[in-house]
Amino acid sequence: MGSPDQESREARVRLPQLRLDELLAELQARLDAARGTRDRVHSLLEAVLSVGRELELEQALYSIVEAAAVLVDAEYAALGVITSDGKALSAFHTVGVSEEQIAEIGPFPQGHGILGELIRHPEPLRLAKISQHPASYGFPAHHPPMNSFLGVPIRVREQVFGNLYLTEKRGGAQFDEEDESVLSTLAVAAGVAIDNARLYEESRLRERWLLANAEVTHSLMSGGARTDVLALIAERAGEITGSALAAVALPMEDTGSLVVEIAVGLDSEVHQGLVLSMDHSLMGLAFSGAAPVTSADVGNDGRISPEPPRFGGLGPAAAVPIGTGEAGVRGVVLLARETGRQPFTATETRTLQDFAAQAAVAMELADRRRDAEEIAVLQDRDRIARDLHDLAIQRLFATGMTLQSAGRFIEHEEAAERVVRAVDDLDETIKIIRSTIFGLRARDGGAGTGLRARVVRAAGEAAPVLGFAPSVRMEGLVDTDVPRETADHVIAVLSEALTNIARHARADRADVALVTDGREVRLTVTDNGVGIPAEGRRSGLLNMGERAQQLGGEVNWTTPAGGGTTLEWRVPVTGE
């Protein structure tokens, strides 16, 4: 055992050593913290650069979520896009949850609970335990357990675009102020990246619409068939807007109805040729109002007649007039997306309206060019008729008079007869030329009432007796290919069929379909009534059969066990 002085000296030696160890440990800790801060700053910069490089909006959103999870070391991350009204979530992008888990959990959240808290109050929110917050009301079945939470809003041009949600910091730790600061910085960069991606997407979309307009205009001005041009309008509009169905309807003269001329996409055959009312269809409302009409769920919209069923599997829809109220609406474009897809935004509808307006201008120019060409043809016909009258007829008449006068001096009987016959031939030639002149100068007095309009009128006239309006669908060149006599028989058979339904069928639905392929015309009338009884009278059916036989056709009908009747009347329209 040493002396007191020796012990004192040893204690003084140990104390500086302890202070030095503490200082070195503190220095090491600060160096580690600085290194960690440096690494985190580098990670943040890399994340900002990675996010900023993305030009595709969907990919940019996914990159933001991935970067957020890495920066704050979170097990789960999500980015919720807020709806235009700022009240709910319209899209949800996640990291950390598998596709199988998502399928088990069910639909993505709409913005309630903690997620809704951040929507209502767009400020950073940090929680040690989600379940302890007053706005929390639990998770759905199969949802992974989550406790710690950090959320920050993403702003794009001073508007809240969406929110970043981070949960379950790895290692059981809590999100701290530094995590919140880092995530808030990323949110600022994300807002810029989202804005850039939106602008890029909008520019590409404008380019696609411009190309579509140019294509439609070129087709019209190069003399493309109307059906081909309408199909082009429907196809391009459907492709650009990501629609499952695209259709174009045009007004029917003197009927107050629209007929679907072109339909492409999902169940297009159900829409093709369908006759629509102005009051109970999305296309009719857009046409009569000369303004776009949208629907969040076209299959369950109270403004639209459910008969015939035609919107299975479809949800959001938009109908846009082709043309304006001042210049006149030429038709309507209908676009519908699959159920569950995003509704048509105001921007999309406005862009579609601009496209339809440009198409209407192109159609107007094409019509004016055709009118000018027709006027030129008519003027040329007038000139030819005038020349024939003033020159050819006068010369023929003078020649005839000369021959007639010369005939009196011909003594040879056979020669005299030949001269008389020549004069008669000249008279006949003059009559033919006069008839030709009349034909050249004749003007069409109007196309008259075609079979399409007569069918729609007959169906409309039967509605009060039936108690409901039958649906009407027509395909093919009905007005052009079906001769007048055959058209009269079609109307007679249709009227007889609808009258029979009203008298005997006790039905609440009837469908009329008139189709021609240029070789035959087929009229099909279907109802959901009680059917044709085996012992019932068949005078009406016999009349229909006789009409078909007169034209070389046939009539058939079926009555399924479940009820209802399908009548098919078909006759050829050519001499084949």
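Residues numbered from 1 in each chain as written. Predicted model: local features only at pLDDT ≥ 70, side-chain atom pairs only at ≥ 80, totals over all residues. Heavy atoms only, no water.

Right, let's get into the overall build of the chain. A tally of helices and strands in the chain yields 14 helices and 16 strands. Counting all 576 residues of the chain, 39% fall into the buried class. Long-range pairs, those at least 24 residues apart, make up 61% of the contacts in the chain with a sequence separation of at least 6. (Helix = DSSP H or I, 4+ residues; strand = E, 2+ residues; numbered from the N terminus. Buried < 20%, exposed > 50% of the residue type's maximum accessible area, 1.4 Å probe, protein only. Contact = heavy atoms within 4.5 Å.)

A few words now on the pattern of salt bridges. Taken as a whole and judged by the stated rule, the model has 18 salt bridges. A salt bridge links R126 to E180; its shortest N-O distance comes to 3.0 Å. One end of the pair, R126, is in strand β3 (residues 125-127); the other, E180, is in helix α5 (residues 177-221), and 54 residues separate them in sequence. Its relative accessible area of 22% is what places E180 among the partly exposed residues. Where R509 meets D511, a salt bridge forms, and the shortest distance between an N and an O atom there is 3.1 Å. Residue classification places R509 among the partly exposed residues on the basis of a relative accessible area of 25%. (Salt bridge = Lys/Arg side-chain N within 4 Å of Asp/Glu carboxyl O.)

Of note, the bond from E307 into P308 is cis; its omega dihedral lies within 30 degrees of zero at -10 degrees. In this fold, P308 is placed in the loop between β9 (293-295) and β10 (314-322). The phi dihedral of D73 is positive, around 55 degrees, even though this residue is not glycine. Positive phi is not limited to glycine here, since A290 has a value of about 50 degrees. Accessibility expressed as a relative area gives 26% for A290, which makes it partly exposed.

Direction vectors running N to C along α5 and helix α6 (residues 226-241) enclose 175 degrees, while the axes themselves pass 10 Å from each other. Comparing their axes, α6 and α5 come out roughly antiparallel. Contacts from L205, R208, W209, A212, E215, V216, S219 and L220 in α5 reach V229, L232, I233, R236, A237, E239, I240 and T241 in α6. For the contact of α5 with α6, the residue count by class is 10 nonpolar, 2 polar and 4 charged. (Axes fitted to C-alpha atoms, helices over the stretch in contact; angles between N-to-C directions. Parallel < 35°, antiparallel > 145°, perpendicular 65-115°, else oblique. Nonpolar A, V, L, I, M, F, W, Y, C, P; charged D, E, K, R; others polar.)

What follows covers the sheet that holds strand β14 (residues 520-527). What the 11 strands build is an open sheet, ordered β9-β10-β11-β6-β7-β8-β12-β13-β14-β16-β15; its pairing is mixed. The open sheet has two edge strands with one neighbour each: β9 and β15 (554-558). Each strand of the sheet is rotated relative to its neighbour by a mean of 20 degrees, with strand direction disregarded. Of the pairings in the sheet, the one linking strand β12 (residues 471-475) to strand β13 (residues 510-516) comprises 5 bridges and is parallel in character. Across the sheet, residue S471 finds its bridge partner in β13, namely D511. Seen against the sheet, helix α11 (residues 451-466) touches β6 (245-252), β7 (257-265), β8 (274-277), β12 and β13 and runs at an angle of roughly 165 degrees to β12. Its contacts with the sheet place helix α13 (residues 484-505) against β13, β14 and β16 (565-572), and it is angled at close to 10 degrees to β14. (Pairing = 2+ DSSP bridges.)

Let's shift gears to the pairing of β13. Each regular strand carries side chains that alternate between the two faces of the sheet. The buried fraction of β13 amounts to 7 of the 7 residues, a majority that puts the element mostly inside the structure. Examined bridge by bridge, β13 and β14 share 7 bridges and lie antiparallel to one another. Bridge pairing in β14 links V512 to V525. If you look at the hairpin formed by β13 and β14, you'll find 3 residues sitting between the two strands, and G518 has a positive phi there, around 90 degrees.

Interpretation in functional terms is not warranted from these geometric data alone.
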